[in-house]
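Structure assessment
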Amino acid sequence: MQGEPKGTLDELRTPVTSHDAVPLRFQTAEVGVDWLQCNIECQEGCPVNTNCRGYLMLAAEGRFEEGYILARDPNPVAAICGYVCSAPCEKACRRGDIDKPLAIRAMKRFLVDWHYANNMPDDIEVAPATGKSVAVIGAGPAGLSAAKELAGWGHKVHIYDALPSGGGTCLIGVPAFRLPRDVIELDVNWVAKHGAEFHYNVEVGRDVTLDELRARHDAVVVATGCMYPVAMNVPGEELDGVIYGVDFLKRANLGQEQWVGEHVVVIGGGYTAMDSSRTALRIGAKTSTVVYRRGPEEMVVDEEEQHETRFEGVRFEYFAAPTEILADEQGRVKGAVFQRTRLGEPDASGRRTAEPIPGSEFVIPCDMVIPCTSQSPDNNVLGEYGSPLNRHIGVTDTREVVKGGSISSWGREPLNGTTPLGPDGRKLNALEFELMRGKIATDVNTFASNVDGVFAVGDYVTGPATIIEAAGLGRRCARAVDRWLAGVRDAELAELPIINRATVTQALDHDMPRFYEAIPRQHIPMAPPEMRRDFTGLVEIGYDTRGAVAEGARCLQCNHNINIDGPRCILCGLCADVCPEGVIYMVDKATVGGDDPEVDLFQSWPRGIAMVIDEERCIRCNLCVERCPTNCITMDRLELERFTPDGKVLLESYKDNVLGQVGQQAGMAVER
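What counts and what doesn't
- Once a new chain begins, its residue numbering starts again from 1 and follows that chain's sequence as written.
- Where totals are concerned, whole chains, interfaces and linings use all residues; where local detail is concerned, this predicted model gives features only for residues with pLDDT of at least 70, and gives and counts side-chain atom pairs only at 80 or more.
- The side-chain values count all of the structure's non-hydrogen atoms but skip hydrogen atoms and water molecules.
- Think of it in three bands: with a 1.4 Å probe and only protein chains considered, a residue is buried below 20% of the maximum accessible area for its type, exposed above 50%, and partly exposed in between.
- Under the scheme used here, helices are H or I runs from DSSP no shorter than 4 residues and strands are E runs no shorter than 2 residues, and both carry numbers assigned from the N terminus.
- Should DSSP find at least two bridges between two strands, the strands are taken to pair.
- A crossover gets the label right-handed when its path from the first strand over the helix to the second runs clockwise, viewed with the strands pointing away from the viewer.
- Any pair of residues with heavy atoms lying within 4.5 Å of one another is described as a contacting pair.
- Where helices are involved, their axes are fitted lines through C-alpha atoms of the stretch in contact, as for all axes, and angles between N-to-C directions lie from 0 to 180°.
- By salt bridge we mean one thing: a side-chain nitrogen of Lys or Arg within 4 Å of a carboxyl oxygen of Asp or Glu.
- Expected span, for any helix, means 1.5 Å times one less than how many residues it has.
- In summary, the pairing rule links any two rings of Phe, Tyr or Trp, Trp by its six-membered ring, whose centres are within 6.5 Å, and it sorts them by plane angle into stacked for under 30 degrees, edge-to-face for over 60 and tilted for everything else.
- Throughout this description, the term charge over a ring refers to an Arg CZ or Lys NZ atom that lies within 6 Å of the ring centre and within 35 degrees of the ring normal.
- Note: crossing handedness is left-handed where the near helix turns anticlockwise from the far helix by less than a right angle, and right-handed where it turns clockwise.
- Residues are grouped as follows: Ala, Val, Leu, Ile, Met, Phe, Trp, Tyr, Cys and Pro are nonpolar; Asp, Glu, Lys and Arg are charged; all remaining types, including Gly, are polar.
- Only protein atoms enter the 1 Å grid used here. Points where a 1.4 Å probe fits but cannot escape make up a cavity, open sets with protein on both sides within 12 Å along at least five of seven lines make up a pocket, and a residue lines them when an atom lies within 4 Å of a point.
- Grid points are joined across faces, edges and corners, and a volume is the space filled by probe spheres set on the points.

**A word on the pairing of strand S8 (residues 315-318)**
Residues Phe316 and Tyr318 line the buried face of S8, whereas the alternating positions Arg315 and Glu317 sit on a face that is not buried. As paired elements, strand S7 (residues 287-292) and S8 share four bridges and run parallel to each other. The partner of Val290 across the bridge, within S8, is Phe316. For the crossover from S7 across helix H15 (residues 303-311) to S8, the handedness is right-handed.

Pasting the structure below:
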């Protein structure tokens, strides 16, 4: 592109109409916090704000321990997430616009495995003791995250769980062939190293009551998860041979005896359905079929999970919803009736509804049905407080309501009449909670219930979500509890404003790895079919060192930004000519449109020329820097720090700049 504007003098003087103007998002402007947050989409997409970009860049240089530190520091369940995270960071990865996103989850697993395989020490920093104690009910992702944060800030944390070991949903809901039990223990031990104390085989509401815990501790966090099944509400759901997915997986994962049919039908399209279908084959089923009321694009599980499920022999039947379970002469399951569906208008969640098609019924013969339709919280933890609860008899039957307490799907009796009594004869579950749809009503900003000092977080409040979402909420809840312990109350307890600070570091010698733009997504090694018959045999083998380095090298280093020194630019246009993505180009300043009040502050050159950079398409190849004859173009590195006014650091993006300069030498840091 030439440096001078084209056209006659009259044409250049003609006012520019709005449809001729360059969109505002293409205007060059000073970069800072807002630019960085929009650009590092992987980190912004992670509920715990893990610096994925940082540890990918470090891994590309073989700096695996530094990469592990970045992956572990903000995420108490980093080991678990390395194996089974839903990876929203990958969905946000900008490399996906070129070919395929980075395998961020698998890279996290590699770094965690490398750290522990090499017996590297964990550097744990804990604040001085505050003298306050917190009870956390539930050792799942939300409970572990809240406990780690609170313990790290100096509070004494006691974690109570009804299971024999930690992990919660990860332990009883995720099969060992996807998530080894010793990996769960890595995260549990990480939290314990911060000073948290675990109490297993303790059922809150029976072995100890909630108000006893409230009297024993300064605050209580309820994070018991969401492991009750929700009923299909179709005829025949009570037949012998129908077992809900959460119960089926719990028994299989705890090594309890579990009958399985020869021909199994699994109803649902989430991770529980995938895990149940694959587990059924491993413990003896001849066929396993997943039936889902929508199509494959609407499933919540990722493409890789669907592929591995099919690869193991599970069949899929889409656009079908159950209407009845059929019984044989002995009252056992002999088949399931389904009705074809089609996608209608989006529901409240934004997903298109599955509308039944009249007269489209068909039967799938089977002797076992595993519904994985949804899940609800276990309110036994609340004990007897006089409020109506959904009744659980093998399933969560929303058609009936009983007063005070619930019948567990795992065979426990209602708490009514079994609640311990105090010396005065009063039942020791006197706390009365406000409920919303069968769950504790909490403030969306503070996680506080109506009972003073009792907080609730995770799937127990939100309903079934992902591991990483629960972990993110656990971290936020810990901040609210920490402020409450410091005496903050009422409106002031709302989450503190977050301070963002971007640091610009001049990149004097930026360079991308060789052939990074042509490196394909590295295939994650998987076990062959003959190795997938054992319930504990791990399916995903994971990257070796060579694969991890290659995958890390694919990162586009989105925290780097092109910077042009206007006074030194001679408008030769060589940067625009050499750019493979057409990112840089020059336009007449008069054509720069938009109503931004800072438009006059945008960088411009003499003779009415403006340099425009389309950051959304930049691949950081550095060719413009190398081609510039006056060295007026640099590739600046930006780091983001996020913290609250009380000094609690929430995001550690800047740490990869401290751990080591990746592919550059850093100059003086400048705060924006």
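**Description of the side chain of Glu90**
As for its position among the elements, Glu90 is in helix H7 (residues 88-92). The buried category is assigned to Glu90, whose relative accessible area is 15%. Once you skip the residues sitting within four places of it in the chain, Glu90 turns out to touch Pro101, Leu102, Ala103, Ile104, Arg105 and Arg521.

**Concerning the sheet that holds S8**
With parallel pairing, four strands are arranged side by side in an open sheet as S8-S7-S6-S12. Looking at which strands have only one partner, the edges of the open sheet turn out to be S8 and strand S12 (368-371). The sheet shows a mean angle of 20 degrees between the axes of neighbouring strands, direction not considered. The pairing of strand S6 (residues 263-267) with S12 spans four bridges and is classified as parallel.

**With respect to unusual backbone geometry**
Not every positive phi belongs to a glycine, and Phe319 is a case in point at roughly 55 degrees. Structurally, the position occupied by Phe319 is in the loop between S8 and strand S9 (320-327). Positioned with a positive phi, Leu571 is a non-glycine residue whose angle comes to about 60 degrees. Here Leu571 shows up in the loop between strand S20 (560-564) and helix H19 (574-578). With a relative accessible area of 6%, Leu571 lands in the buried category.

**Here we look at the pattern of salt bridges**
Counting across every chain of the model gives 29 salt bridges. Notably, a salt bridge pairs Glu540 with Arg105, separated by 2.7 Å at the nearest N-O pair. Highlighted residues: Glu540 in the loop between strand S19 (499-507) and helix H18 (545-552) and Arg105 in helix H8 (residues 104-117), separated in sequence by 435 residues. For the pair formed by Glu540 and Arg105, the shared burial category is buried. Residue Glu540 pairs with Arg109 through a salt bridge whose shortest N-O separation is 3.5 Å. Remark: Arg109 occurs in helix H8 and Glu540 occurs in the loop between S19 and H18; sequence separation between them is 431 residues. In this pair, the class of Glu540 matches that of Arg109, namely buried.

**Looking at helix H5 (residues 64-72)**
Taking burial as the measure, the nine residues of H5 include seven buried ones, the bulk of the element. Those residues of H5 that sit buried are Phe64, Glu65, Gly67, Tyr68, Leu70, Ala71 and Arg72.

**Here's the deal with H8**
Compared with an ideal rise of 1.5 Å per residue, which puts 14 residues at 20 Å, H8 spans 20 Å between its outermost C-alpha atoms and is within 8% of the ideal. For H8, the tally of buried residues reaches ten of 14 residues, placing the bulk of the element in the interior. Listed in full, the buried residues belonging to H8 are Ile104, Arg105, Ala106, Met107, Lys108, Arg109, Phe110, Leu111, Val112 and His115. In the stretch just after H8, Asn119 is the one whose phi turns positive, near 55 degrees.

**Looking at the packing of aromatic side chains**
Taken as a whole and assessed by the stated rule, the structure comprises eight aromatic pairs. Ring geometry for Phe64 versus Phe110: centroids 4.9 Å apart, planes at 85 degrees, classification edge-to-face. Taken together, the residues span a long stretch of sequence, with Phe64 in helix H5 and Phe110 in helix H8 at a distance of 46 residues. By the ring-pair criterion, three or more aromatic residues cluster together here, those being Phe64, Phe110 and Trp114. Against the face of Trp190 rests Arg72, its NZ or CZ located 4.7 Å from the ring centre. Across from the ring centre of Phe316, 4.7 Å away, lies the NZ or CZ of Arg310, which sits over that ring.

**Overview of the packing of helix H9 (residues 141-152) against helix H17 (residues 467-485)**
Packing of H9 against H17 leaves a shortest axis separation of 7 Å and a crossing angle of 35 degrees. Remark: the crossing between H9 and H17 carries right-handed chirality. Counting all contacts with H9, which are made through Pro141, Ala142, Ser145, Ala146, Glu149 and Leu150, the residues of H17 involved are Ile467, Ala470, Ala471, Gly474, Arg475, Ala478, Val481 and Asp482. Looking at the contact of H9 with H17 residue by residue, the classes come out as nine nonpolar, two polar and three charged.

**Some words on the pairing of strand S2 (residues 156-160)**
Counting buried residues along S2, four of its five residues qualify, which places the element largely inside the surrounding structure. In the sheet, strand S1 (residues 133-137) pairs with S2 via five bridges, with the strands oriented parallel. If you follow Ser133 over to S2, its bridge partner there is Lys156. Sheet topology places S2 next to strand S3 (residues 197-199); three bridges connect them, and they run parallel. From the neighbouring strand, His158 faces S3, where its bridge partner is Glu197.

**A closer look at empty space enclosed by the protein**
Under the criterion given, the structure shown has five cavities of 30 Å³ or more. Within the lining of the largest cavity, the residues separate by chemical class into ten nonpolar, one polar and four charged. Quantified by volume, the second largest cavity comes out at close to 100 Å³. Surrounding the second largest cavity, 16 residues form its lining, Cys569, Cys572, Cys575, Cys628 and Cys632 being those nearest its centre. The residue inventory of the lining of the second largest cavity, partitioned by class, reads 13 nonpolar, two polar and one charged.

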